[in-house]
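Here are the chains, one letter per residue:
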Protein chains: 4
Amino acid sequence: ESDLNSEERAAADEIIDNPPAAVQGSRLFHPEDTIVETAHSQIGGDNFTMMAGPCSVESAEHVMKMAAVAKEGGATVLRGGAFKPRTSPYSFQGLGEDGLKFLRAAADAYDLDVLTEVMDQDHVDMIAQYTDIFQIGARNMQNFSLLKAVGKTNIPVMLKRGMSATIDDILNASEYIAAGGNHQIIITERGIRTFDNKYTRNTLDLGAVPVLQKLTHYPVIVDPSHAAGHTEFVIPEALAGVAVGASGLVVEIHDDPAHAFSDGAQALKPNEYLEMTQKAAAIREALNMPVHEKSEVEL
Amino acid sequence: ESDLNSEERAAADEIIDNPPAAVQGSRLFHPEDTIVETAHSQIGGDNFTMMAGPCSVESAEHVMKMAAVAKEGGATVLRGGAFKPRTSPYSFQGLGEDGLKFLRAAADAYDLDVLTEVMDQDHVDMIAQYTDIFQIGARNMQNFSLLKAVGKTNIPVMLKRGMSATIDDILNASEYIAAGGNHQIIITERGIRTFDNKYTRNTLDLGAVPVLQKLTHYPVIVDPSHAAGHTEFVIPEALAGVAVGASGLVVEIHDDPAHAFSDGAQALKPNEYLEMTQKAAAIREALNMPVHEKSEVEL
Amino acid sequence: ESDLNSEERAAADEIIDNPPAAVQGSRLFHPEDTIVETAHSQIGGDNFTMMAGPCSVESAEHVMKMAAVAKEGGATVLRGGAFKPRTSPYSFQGLGEDGLKFLRAAADAYDLDVLTEVMDQDHVDMIAQYTDIFQIGARNMQNFSLLKAVGKTNIPVMLKRGMSATIDDILNASEYIAAGGNHQIIITERGIRTFDNKYTRNTLDLGAVPVLQKLTHYPVIVDPSHAAGHTEFVIPEALAGVAVGASGLVVEIHDDPAHAFSDGAQALKPNEYLEMTQKAAAIREALNMPVHEKSEVEL
Amino acid sequence: ESDLNSEERAAADEIIDNPPAAVQGSRLFHPEDTIVETAHSQIGGDNFTMMAGPCSVESAEHVMKMAAVAKEGGATVLRGGAFKPRTSPYSFQGLGEDGLKFLRAAADAYDLDVLTEVMDQDHVDMIAQYTDIFQIGARNMQNFSLLKAVGKTNIPVMLKRGMSATIDDILNASEYIAAGGNHQIIITERGIRTFDNKYTRNTLDLGAVPVLQKLTHYPVIVDPSHAAGHTEFVIPEALAGVAVGASGLVVEIHDDPAHAFSDGAQALKPNEYLEMTQKAAAIREALNMPVHEKSEVEL
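Keep in mind the model is a prediction, meaning the values are calculated, not measured.

1. Some thoughts on the overall build of chain A
Moving on, step 1. Helix and strand content of chain A: 10 helices and 10 strands.
Moving on, step 2. By sequence separation, contacts in chain A at least 24 residues apart represent 69% of the contacts at least 6 residues apart.
Moving on, step 3. Just so you have it, chain A exposes about 9500 Å², and 47% of that area is on carbon and sulfur atoms.

2. A short note on the interface of chain A and chain B
Moving on, step 1. Across the contact, 37 residues belong to chain A and 37 residues belong to chain B.
Moving on, step 2. Interface of chain A and chain B: buried area, both sides summed, is about 2900 Å²; carbon and sulfur atoms make up 49% of it.
Moving on, step 3. At the junction of chain A with chain B, the criterion picks out two salt bridges.
Moving on, step 4. Close ionic contact of arginine 193 of chain A with aspartate 169 of chain B constitutes a salt bridge, the shortest N to O distance being 2.6 Å.
Moving on, step 5. Along the contact surface separating chain A from chain B lie 16 residue pairs in polar contact (both at pLDDT 80 or more).
Moving on, step 6. For the side of chain A that touches chain B, the elements supplying multiple residues, two or more each, are helix H1 (6-15), helix H5 (144-151) and helix H6 (167-178) of chain A.
Moving on, step 7. Element by element, the count of residues in the side of chain A that touches chain B is highest for H6 of chain A, at four residues.
Moving on, step 8. Partitioned by chemical class, the residues of the side of chain A that touches chain B number 14 nonpolar, 14 polar and nine charged.

3. Observations regarding the packing of H6 of chain A against helix H7 (residues 208-215) of chain A
All names here are of chain A.
Moving on, step 1. At a minimum axis separation of 11 Å, H6 and H7 run at an interaxial angle of 45 degrees. Overall, the two elements H6 and H7 adopt an arrangement that is oblique. Crossing handedness for the pair H6 and H7: right-handed. For the pair formed by H6 and H7, the contact residues are Ile167, Ile170 and Leu171 on the first element and Ala208, Val211, Leu212 and Leu215 on the second.
Moving on, step 2. Classifying every residue of the contact of H6 with H7 gives seven nonpolar, no polar and no charged.

4. Description of the environment of isoleucine 221 of chain B
All names here are of chain B.
Moving on, step 1. Along the chain, the position of isoleucine 221 falls in strand S9 (residues 220-222).
Moving on, step 2. Taking the C-alpha atoms as reference, isoleucine 221 lies 7.3 Å from isoleucine 186; in sequence the two are 35 residues apart.
Moving on, step 3. If near-sequence neighbours (up to four positions away) are discounted, isoleucine 221 is found in contact with Met51, Met158, Ile186, Ile187, Thr188, Glu189, Ala246, Ser247, Gly248, Leu249 and Val250.

5. So, the side chain of serine 145 of chain D
Moving on, step 1. Checked against the element boundaries, serine 145 of chain D lands in helix H5 (residues 144-151).
Moving on, step 2. Of note is the side chain of serine 145 of chain D, whose polar atom sits 2.8 Å from the side chain of aspartate 120 of chain C.
Moving on, step 3. Apart from the residues within four sequence positions on either side, serine 145 of chain D is in contact with Met119 and Asp120 of chain C together with Gln121 of chain D.

6. Notes on the relation of the copies chain A and chain B
Relating one copy of the chain to the other takes a rotation about an axis and a shift parallel to that axis.
Moving on, step 1. Mapping chain A onto chain B calls for a screw motion: a turn of 180 degrees about the axis and a shift of 0.0 Å along it, with 0.0 Å RMSD after fitting. Classification of the inter-copy transformation places it as that of a two-fold axis. Across chain A, the smallest distance between a C-alpha and the rotation axis is recorded for serine 164 of chain A, namely 2.8 Å.
Moving on, step 2. A shared interface surface links the copies, since 100% of the contact residues of chain A are contact residues in chain B too.

7. Structural notes on the packing of helix H9 (residues 231-243) of chain B against helix H10 (residues 270-286) of chain B
All names here are of chain B.
Moving on, step 1. In contact at an axis separation of 9 Å, H9 and H10 are set at 20 degrees when each is read in the N-to-C sense. Taken together, the axes of H9 and H10 are roughly parallel relative to one another. In this structure, H9 meets H10 at a crossing whose hand is right-handed. Contacts between H9 and H10 pair Thr231, Ile235, Ala238, Leu239, Val242 and Ala243 from the former with Glu272, Glu275, Met276, Lys279, Ala280, Ile283 and Arg284 from the latter.
Moving on, step 2. Of the residues in the contact of H9 with H10, the class split is eight nonpolar, one polar and four charged.

8. What about the pattern of salt bridges?
All names here are of chain B.
Moving on, step 1. The final tally for this structure, using the stated rule, is 52 salt bridges over all chains.
Moving on, step 2. A salt bridge links lysine 279 to glutamate 275; the shortest N-O distance between them is 2.9 Å. Placement of both lysine 279 and glutamate 275 in helix H10 is noted, with a separation of four residues, approximately one turn of the helix.
Moving on, step 3. A relative accessible area of 29% places lysine 279 in the partly exposed class.
Moving on, step 4. Relative accessible area serves as the criterion here: at 33%, glutamate 275 is assigned to the partly exposed category.

9. Observations regarding the relation of the copies chain A and chain D
Moving on, step 1. Structural alignment of chain A on chain D gives an RMSD of 0.0 Å, achieved by rotating through 180 degrees and translating 0.0 Å along the axis.
Moving on, step 2. A symmetric contact is evident, with 100% of the interface residues of chain A recurring at the interface of chain D.

10. A word on unusual backbone geometry
Moving on, step 1. The backbone of aspartate 111 of chain B sits at a positive phi, close to 55 degrees, despite the residue not being glycine.
Moving on, step 2. Along the chain, aspartate 111 of chain B turns up in the loop between helix H3 (97-109) and strand S5 (113-117).

11. Details of the interface of chain A and chain D
Moving on, step 1. Across the contact, 39 residues belong to chain A and 39 residues belong to chain D.
Moving on, step 2. Both sides of the chain A and chain D interface together cover about 3000 Å² of buried area, and 71% of this is carbon and sulfur.
Moving on, step 3. Taking the shortest distance from any N to any O, the salt bridge between glutamate 232 of chain D and lysine 214 of chain A comes out at 2.9 Å.
Moving on, step 4. Where chain A packs against chain D, one counts eight residue pairs in polar contact (both at pLDDT 80 or more).

12. Remarks on helix H9 (residues 231-243) of chain D
Residue and element names in this part refer to chain D.
Moving on, step 1. With 13 residues, H9 extends 19 Å between its outermost C-alpha atoms, agreeing within 8% with the 18 Å of an ideal straight helix rising 1.5 Å per residue.
Moving on, step 2. The buried fraction of H9 amounts to 12 of the 13 residues, a majority that puts the element mostly inside the structure.
Moving on, step 3. For H9, the full list of buried residues reads Thr231, Phe233, Val234, Ile235, Pro236, Glu237, Ala238, Leu239, Ala240, Gly241, Val242 and Ala243.
Moving on, step 4. At the exit of H9 stands glycine 245, carrying a positive phi of roughly 105 degrees.

13. A look at the nonpolar core
Side chains of nonpolar character tend, in soluble globular proteins, to be buried together.
Moving on, step 1. Counting residues in hydrophobic clusters, the biggest one holds 316 residues, and the most contacted among them are Tyr273 of chain A, Tyr273 of chain B, Tyr273 of chain C together with Tyr273 of chain D.
Moving on, step 2. Contacts of tyrosine 273 of chain C, omitting those with residues within four sequence positions, involve Met50, Ala52, Val69, Ala70, Gly73, Gly74, Ala75, Val251, Ile253 and Leu268 of chain C.

14. Quick notes on H5 of chain A
Owing to its 3.6 residues per turn, the α-helix brings residues three or four apart onto one side.
Residues and elements named next belong to chain A.
Moving on, step 1. Burial analysis of H5 places seven of its eight residues in the buried class, the great majority of the element.
Moving on, step 2. When H5 is considered as a whole, its buried residues turn out to be Phe144, Ser145, Leu146, Leu147, Ala149, Val150 and Gly151.
Moving on, step 3. As for H5, its buried residues are in contact with helix H4 (124-128), strand S6 (133-136), strand S7 (157-160) and H6.

15. Details of the pairing of strand S8 (residues 185-189) of chain B
Within a regular strand, the side chains alternate between the two sheet faces.
Residues and elements named next belong to chain B.
Moving on, step 1. The element S8 is extensively covered by neighbouring structure, given that five of its five residues are classed as buried.
Moving on, step 2. The alternating pattern of S8 places Ile185, Ile187 and Glu189 on one face and Ile186 and Thr188 on the opposite face, and all of these are buried.
Moving on, step 3. Bridge count between strand S7 (residues 157-160) and S8: four bridges; the pairing is parallel. Note that in S8 the partner of valine 157 across the bridge is isoleucine 185.
Moving on, step 4. What joins S7 to S8 is helix H6 (residues 167-178), and the crossover it makes is right-handed.

16. A few points about the packing of aromatic side chains
Residues and elements named next belong to chain A.
Moving on, step 1. Counting across every chain of the model gives four aromatic pairs over all chains.
Moving on, step 2. For the pair phenylalanine 144 and tyrosine 176, a centre-to-centre distance of 4.2 Å together with 20 degrees between the ring planes defines the contact as stacked. Within this pair, whereas phenylalanine 144 is found in helix H5, its partner tyrosine 176 is found in helix H6, the two being separated by 32 residues in sequence. Side by side, phenylalanine 144 and tyrosine 176 carry an identical accessibility label, which is buried.

17. Topic: the pairing of strand S8 (residues 185-189) of chain D
All names here are of chain D.
Moving on, step 1. The pairing of S8 with strand S9 (residues 220-222) spans three bridges and is parallel. What sits directly across from threonine 188, in S9, is isoleucine 221.
Moving on, step 2. Where the polypeptide runs from S8 across helix H7 (residues 208-215) and back to S9, its parallel neighbour, the crossover connection is right-handed.

18. As for the side chain of aspartate 113 of chain A
Residue and element names in this part refer to chain A.
Moving on, step 1. With respect to the helices, strands and loops of the structure, aspartate 113 is situated in strand S5 (residues 113-117).
Moving on, step 2. Arginine 104 is the oppositely charged side chain nearest to the buried, salt-bridge-free aspartate 113, at an N-O distance of 5.7 Å.
Moving on, step 3. A polar side-chain atom of aspartate 113 sits 2.6 Å from a polar atom in the side chain of threonine 38.
Moving on, step 4. Non-local contacts of aspartate 113, meaning those with residues more than four positions away in its chain, are made with Thr38, Ala39, His40, Ser41, Thr76, Val77, Leu78, Ala107 and Asp132.

19. Overview of the confidence of the model for chain A
Moving on, step 1. Here chain A shows a mean pLDDT of 89. Residues at 70 or above account for 90%.
Moving on, step 2. Low pLDDT, under 50, characterises residues 292-299 of chain A; the stretch is placed with 26 contacts to residues that sit more than four places away or in other chains.

Calculation notes
- Residues numbered from 1 in each chain as written.
- Chains lettered and ligands numbered in written order.
- Predicted model: local features only at pLDDT ≥ 70, side-chain atom pairs only at ≥ 80, totals over all residues.
- Heavy atoms only, no water.
- Helix = DSSP H or I, 4+ residues; strand = E, 2+ residues; numbered from the N terminus.
- Contact = heavy atoms within 4.5 Å.
- Areas by Shrake-Rupley, 256 points an atom, 1.4 Å probe, with all protein chains shown as cover.
- Buried area = accessible area lost by both parts, 1.4 Å probe.
- Salt bridge = Lys/Arg side-chain N within 4 Å of Asp/Glu carboxyl O.
- Polar contact = N/O pair within 3.5 Å; in protein donor to acceptor, adjacent residues only side chain to side chain.
- Nonpolar A, V, L, I, M, F, W, Y, C, P; charged D, E, K, R; others polar.
- Axes fitted to C-alpha atoms, helices over the stretch in contact; angles between N-to-C directions.
- Parallel < 35°, antiparallel > 145°, perpendicular 65-115°, else oblique.
- Left-handed = near helix turned anticlockwise from the far one by under 90°.
- Least-squares fit on C-alpha atoms with pLDDT ≥ 70 in both.
- Buried < 20%, exposed > 50% of the residue type's maximum accessible area, 1.4 Å probe, protein only.
- Expected span 1.5 Å × (residues − 1).
- Core = buried A, V, L, I, M, F, W, Y, C linked by side-chain atoms within 4.5 Å.
- Pairing = 2+ DSSP bridges.
- Right-handed = clockwise from strand over helix to strand, strands pointing away.
- Phe/Tyr/Trp six-rings, centres within 6.5 Å; stacked < 30°, edge-to-face > 60°.
- Lys, Arg positive; Asp, Glu negative; His and termini not counted.
- pLDDT = per-residue confidence, 0-100.

Spelled out as structure tokens, the structure:
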């Protein structure tokens, strides 16, 4: 079930009661930064990766248009949901495999990687045919069967922090993936649930970024869209994520947020997105953080 | 996907943006209490149901012994984990199907129902052969694929509140089960994650019990073991759960907590459990709440 | 500043970095229950004390009427606010010293003790002329100047847990009172701030009651009114507080909640209050907990 | 008690039940940014203000040394505590008025403003002789008597957000100051209490900064030291605070953190502080935010 060698197993036995028991994820075992490699991106280390796209894939045309925007802002990863985790069973649940086809075509047209959520372990093989990076959503962060399923693939996994997950919890969750042999893991801070959600949807815990970077060698990125919940707060939170030292951002964009199939309130319009990416690059440069990517597009 | 009739569908459309969109779970549509019926229990309404057993099924002998204790205290449901959701992948993960066989045998020997956790949608059919009630754990409360899978069975489902789930969240989660046609649902308050976990593991939100009872017709029970985290606090929290009006309790018991395979710190010893069940019955009687069960064992 | 003797001082030095540094409040130094003695009440130990009254003192006539109701339900303490901590400066701030006079007169007419909030250290001497017990509200739990001021009096102090105060925090706050020489302290659990406040105002942390009772010798009581926020949830939460083992309850009552000057939504009507006190007494009796008070009124 | 005119009073009456009832603090009444003016600083608007100094004033010599460091990094405000709110009554409580004298002398030697905490309304007049800005600490955010007392002075007030205060709560608290006639108010985000405090002390809620800036005209600054709790996390959180658009930072500095009288774990060493101020200025420049101050020192 796990690919620990005997030395790691001994360490695991020792620290099992001292969480996080993220043996393979720990810098103690692996001090160097993990660089997650995809066709168009190098995620982690000194790299900065922009990931953008619509919340839901809405149509072949729409996602193609959004891919063009994403690319223009320097993104190397196109995000988009085809299977949506909705709080209510009566809400729009996504286009399914058709959505994946549209998303793949759009990404290919612009030399982008695909990032899309897998919610169901039985979909792993199917979605693997379309995606470059699996997203595990916040609600599934401790869906251990799903974590094990993606851990058996060789496709990178972006693991989102659960709304009430401690830092130890997410590191332990990452270990379920690593235990299957897949070490291409990206940790995403996307906001936690606190007592105040009147004006923002969640509380973006940016202090968790340097803490995670100290504890683990996996790249840590920030999703400001779900925490902010409202467009006007997404850009400041995104820039704060850059300044705090995240290895990338994942944001939702939409050309007509009022008619988005889901989460329109928090989607950046193309011009807002481009403003954000320029400011993000300016901050990186001001802090002497590299802004180049493997792809030729400069952020 | 859902069995809403046209009238319900209209209502659902109307309230979709006013969570909880738990159409079928709402008292507005179904004012009378739902009584979940199993071979040995009637859960909900004026009934009070005791559910007890070890955290993990450890062996055929041990679970048999625990079944005897559970029965002695008036339980009509034997709980026990064969597939365990563990924070670390290196922790004991349960005995699997063998554990289910031991659990079933013990329950049958004492005329008890079986309650056990299903963590994986691919296990639903297999576990269905052994259990009378599926448990969906707190970490899987929004594992929508799993909820849909148990929603397609006709086996009652005990849905535990997630650690950071609002009351609306758990009602919406229950709707994923109901939308599949399964309305035999039990809601369980088991403690939420708050800022203080030095002395107790979670904060038991007993105020949620009357709130849930007002909003939904499903029975609401309390799990004091996971919230208290330490044996000495389990009994007071359990009795508070009785007094607040819960339809039952689910507790962990163990004859040798120091050597339990999991969660020993919070397991009641047999004598503690029996003391608790007597006090629980005394409170029910003092408050003129019925203490009889379908089974002949009086609580 | 403090009345620690040399032995206590040494202990304090030792545990100063191991909170709670509540030296004088700790059962380690003082294993026996503290019994807070007032003219009409013995609070703590095996006693159970009912405290009731209007949120705000509204008039001489009204508080007199409420005192009669409180007494009828077995209360030995009449609560009422004359100086109100209001979130907005434009809300009703209380009747001030006139309110205290009305409160005192009502309490005296029915042989009750007075419990009223002091919000300002400069009011301590004045309020001391009217009250039997000072209340320190949740918002002032760490107003150290105020704690020191009441710590220099010999009047009992009811200290309410702050909305985000840990158990250690409230014990440390109590030590500010004790350090001044006043050991007549009552700890009150009144609900904490968590992520879910849609249906209830705060989350009553009843698990904190047995934890506090283990750590400190001071009596621990429960205020269900502020946590529940709505009348219909006050009684179940109150009964849960009795069952969990609290040494008393403090509740808000009003004969015309819709026109109460403050917090009407959570005030029990007289008949609801009387129903609650009867049920509370029934639970105490069922659990073999004494229900007698120093005063001849039986709860 | 309040200086609302009749129009404001009407508005207040209308919104009293729709918090925040921060009438005078609202942008609805006062769309332009408030600029808090002190001898050496202009706080708010396009300005960026650095505030630095030791947690506690430790000696005349030490605070003088820290003032030199603060100035070198571009600070125009010297912070330092002479009266300390300590969780335990047995912890170091500050040097009192002597500390204020040392702080004032150090600030004067380097043309800096003084910022120091007032914990007790009876100290307001005395501290007013030494300070340019009153600090109201997180624990006293709803100490309404203290808020009213500083509201009657004409000295600027820096109001720190309480650990569990919502955005509405802090705006309402600010209104207690404004109602007294003092509109020179600075709002400080310093971290809130959440479920995860293993690695950081509090969760810095940077998303609250743009929200507050939208709701109120008062300047909003960030204190990263208390949230981070550990030096290594202070700089990233500070830079995130700059990028999110705060009007300033307040940080703790110490040349020998291991021997600081209080909070050494989170104090920046001089070289760390200078690195931070340079990076902060670089981010401001990259984002085309002005970096000049009224004082001639450039940040």
